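Residue strings, one per chain:
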Amino acid sequence: MTVDPERRRAARHVQPTSPPAPQRRRKPPITVARITDAALQVVATQGYDALTMRSVAAVLDTGPASLYAHVVNKADIDELIIGRLCSQLALPAPDPAAWRGQILDVCAQIRDQYLRYPGISRAALAMVATNLDVLRVNEGMLAILLAGGIEPQTAAWAIDALSLYVAGYALETSLVAQRRGRQEDDWVVGRDELVQRFAALPEDTFPQTRRYAAELTSGTGHERFDFALGLIVDNLAQRLPA
């Protein structure tokens, strides 16, 4: 069958059908939980100093302005991330016979959560917590101390002292680890070199430092942490009524 040349020519000039435009993948909605996840990701990969509204927004592939519909400011994010860490803690039923070990265990759990995220304990310092997960931990610690017979005022201040020490210890540990990872920060010396430096000090000016250099530089793992918390808790035990 002969095809009409005019039809053949017309067919050559028909514009090809355009393929359907690819559908843009919809972004998941911004939520408080996703903002918290993104903030923890920033701290885990870049350290707490990198945590800003802009860095969190970058993880979520959005602009900082879109975060303000869900959080008030950076301080609000600080409370959210500390609340998330507190939500991971296992709080025991207060036991009057085991209160000392229980309070030390809770402090160790907080320490370990902080150490997962370099420098994050800075967010807990000077925080007036209203986050329910943070308040849950404070409530649990207070219940443990009260069950051990500690007076309410002493228990309240003890929780503050314990929290400050745990946060400070975790912050210092994180800073040392970060500096050891940077070649330019060669001032972080090992114990052997530190002992040698102490031993080389003028004896007439630093007799005790020279003599007890080994003791001043001793301690591995969390031995110093356990020692300091033990001092606080043992002092609480001495305040118990006869």
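Residues numbered from 1 in each chain as written. Predicted model: local features only at pLDDT ≥ 70, side-chain atom pairs only at ≥ 80, totals over all residues. Heavy atoms only, no water.

1. Examining the packing of aromatic side chains
So, step 1. Taken as a whole and judged by the stated rule, the model has three aromatic pairs.
So, step 2. With a centroid separation of 4.8 Å and 55 degrees between ring planes, the pair formed by Tyr169 and Phe225 is classed as tilted. Of the two residues, Tyr169 is situated in helix H7 (residues 152–180) and Phe225 in helix H11 (residues 223–238); the sequence distance between them amounts to 56 residues. Neither residue differs from the other here; Tyr169 and Phe225 are each classed as buried. (Phe/Tyr/Trp six-rings, centres within 6.5 Å; stacked < 30°, edge-to-face > 60°. Helix = DSSP H or I, 4+ residues; strand = E, 2+ residues; numbered from the N terminus. Buried < 20%, exposed > 50% of the residue type's maximum accessible area, 1.4 Å probe, protein only.)

2. Focus on the UniProt feature "DNA-binding region" (unreviewed entry) in the protein
So, step 1. Mapped onto this numbering, the UniProt entry gives "DNA-binding region" (unreviewed entry) at residues 52–71.
So, step 2. Helix makes up 35% of residues 52–71 and strand 0%. Its end C-alpha atoms lie 12 Å apart. (UniProt positions renumbered as here; feature names shortened; annotations may be inferred.)

3. Concerning the pattern of salt bridges
So, step 1. If you walk through the whole model with that rule in mind, you get seven salt bridges.
So, step 2. Note that Arg197 is salt-bridged to Glu193, the shortest N-O span being 2.7 Å. Residue Arg197 and its partner Glu193 are located together in helix H8 (residues 191–199), separated by four residues, close to a single helical turn.
So, step 3. Across the pair Glu203 and Arg210 runs a salt bridge whose closest N-O atoms are separated by 3.9 Å.
So, step 4. You can call Arg210 partly exposed: its relative accessible area is 30%. (Salt bridge = Lys/Arg side-chain N within 4 Å of Asp/Glu carboxyl O.)

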